[in-house]
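Architecture at a glance
The lines below spell out each chain.
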Amino acid sequence: MNSNPYSQHNLLAELFPPDDPIDEVDRPQEPAVQAAQVLPTKTVVKRKPAPAKEKAAAGTPEARPVAAPGTPVARKPPSPPDPPATPAPAPWQERGSYRVLGQIVAVVNQKGGVGKTTSTINLGAALAEQGSRVLLVDFDPQGALSVGLGLNPNEIEVSVYDLLLDRTVGLKDVVTPSKVPGLDLVPSNIDLSAAEVVLVSEVAREQLLKRCLEPAQAIYDYVLIDCPPSLGLLTVNALTAANSVIIPLECEYFALRGMALLMDTVGKVQERLNPELQVMGIVATMLEARTIHGREVLSRVGEAFGEKLFKTVIHKTIKFSEGSVAGVPILAYAPSSNGAQEYRDLAREVMDRAS
Ligand SMILES: Nc1ncnc2c1ncn2[C@@H]1O[C@H](COP(=O)(O)OP(=O)(O)O)[C@@H](O)[C@H]1O
Ligand SMILES: [Mg+2]
């Protein structure tokens, strides 16, 4: 087995090649230049050394699947270009009028087992499949998102915990490419469980994640934060960093229990910390359509949340657990399954609501 499953798609190597400036596209130059400069280079903690082929792969056309076939990924312009009226195109610009959306979405529900992690992984993969650049942030000490994307929690040397609490660690040091083209990940493991305690004594403790993710907004279209099953300081950090919230809701009898408290928390963060925070939508998950009960719950959720309920409903299927055991999103594990299609539909709704 390949010991480094990520070697084929090292987006980071493309985004931050050793000597290249980051090109910018439809935006003014300033944000991308800032991003390149803001991302601190860490000297103390090191990620595991990448195998030599990782770099080699980054320069091949396969490593940049969104690029037009035959178009080499531009490292350095072959010759000094004429003074351009517009900035030189980024390698991924070929797919059209590309613009970095920089939308940070917290996937939140204080209940466990409602489909937060599954939705984060598969929505992220579906957005990436449709051409967006996506960063997933595992913000749960259980690290299920990292495991679901094939990482071994014991082998994670630098995690979101270090990003939050070690000022010498920058985003660049923790972002890990996934097996899915266009999809990167900030991993987490049990270290993060200490954060809730350590954060209490930090200055501006609710805003740490926001500060850490700012550079990502100039690079990624979507940053999806997979929240822990609580409304503690970690979730408050996620809500403070986010532009919007997606709430997965399991279609079961007690689905609505706890929603008032969750909405109240979102409201308080809006009031005190992040006035721009929006509830993008509620996604009904694990629907068993054959049971009357499932459909009843769905209609109650629809009555309670109206337009906020995404039209796409995620049905129950064993494929999701199989996919996470395989360490890949369902879009890679069973690309033509109903579950994969549902997350593609959800991604389209998210793109509409986010733009
Ligand atoms: N649509 C679905 N159908 C069947 N099982 C699902 C579905 N979505 C998630 N699961 C499974 O339910 C469990 C909990 O989902 P998860 O996404 O980890 O929830 P959370 O992150 O909210 O705790 C996991 O084992 C996952 O594989
Ligand atoms: Mg989870």
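One structure accompanies this document, and this report is about it. (Residues numbered from 1 in each chain as written. Chains lettered and ligands numbered in written order. Predicted model: local features only at pLDDT ≥ 70, side-chain atom pairs only at ≥ 80, totals over all residues.)

When two helices pack together, you describe them by how their axes are tilted relative to each other and by the distance separating the axes. Between helix α4 (residues 116-129) and helix α15 (residues 338-354), whose axes approach to 8 Å, the crossing angle comes to 70°. Classed by the angle they form, the pair α4 and α15 counts as roughly perpendicular. Contacts between α4 and α15 involve Asn122, Leu123, Ala126 and Leu127 from the former and Tyr343, Arg344, Leu346, Ala347 and Val350 from the latter. (Axes fitted to C-alpha atoms, helices over the stretch in contact; angles between N-to-C directions. Helix = DSSP H or I, 4+ residues; strand = E, 2+ residues; numbered from the N terminus. Parallel < 35°, antiparallel > 145°, perpendicular 65-115°, else oblique. Contact = placed C-beta atoms within 7 Å.)

Turning next to the site of ligand 1. The immediate surroundings of ligand 1 are formed by 17 residues, with Lys116, Thr117, Thr118, Phe320 and Ser321 found nearest. Sorting the residues of the shell around ligand 1 by element identifies α4 and α13 (319-326) as the ones contributing at least two each. Class assignment for the residues of the shell around ligand 1 results in 6 nonpolar, 9 polar and 2 charged. (Near = placed C-beta within 6 Å. Nonpolar A, V, L, I, M, F, W, Y, C, P; charged D, E, K, R; others polar.)

Time to look at the sheet that holds strand β7 (residues 278-285). Ordered by their spatial adjacency, 7 strands build an open sheet running β3-β4-β2-β5-β1-β6-β7, and the pairing between neighbours is mixed. Each end of this open sheet is capped by a strand with a single partner; those strands are β3 (176-177) and β7. Judged from the 3 bridges that link them, strand β1 (residues 103-107) and strand β6 (residues 244-250) form a sheet pairing that is parallel. Looking at β6, one finds that Val107 is bridged to Ile246. The strands touched by helix α10 (residues 233-241) are β1, β5 (222-226) and β6; relative to β1, the strand with the most contacts, the crossing angle is about 150°. Against the sheet, α15 contacts β1 and β7, and its axis sits at roughly 170° relative to β7. (Pairing = 2+ DSSP bridges.)

With 5 of 5 residues buried, β1 is to be regarded as a mostly interior element. Covered by surrounding structure in β1 are Gln103, Val105 and Val107 together with Ile104 and Ala106, the residues of both alternating faces. One ladder, built from 5 bridges, connects β1 with β5; its direction is parallel. Residue Ala106 lies in a different strand from β5, and its bridge partner there is Ile225. (Buried ≥ 20, exposed ≤ 12 C-beta atoms within 10 Å, placed from the backbone.)

Next up on the list: the environment of Glu202. Looking at the element boundaries, Glu202 is found in the loop between α8 (195-199) and α9 (208-213). Sequence separation between Glu202 and Leu165 is 37 residues; the distance between their C-alpha atoms is 8.9 Å.

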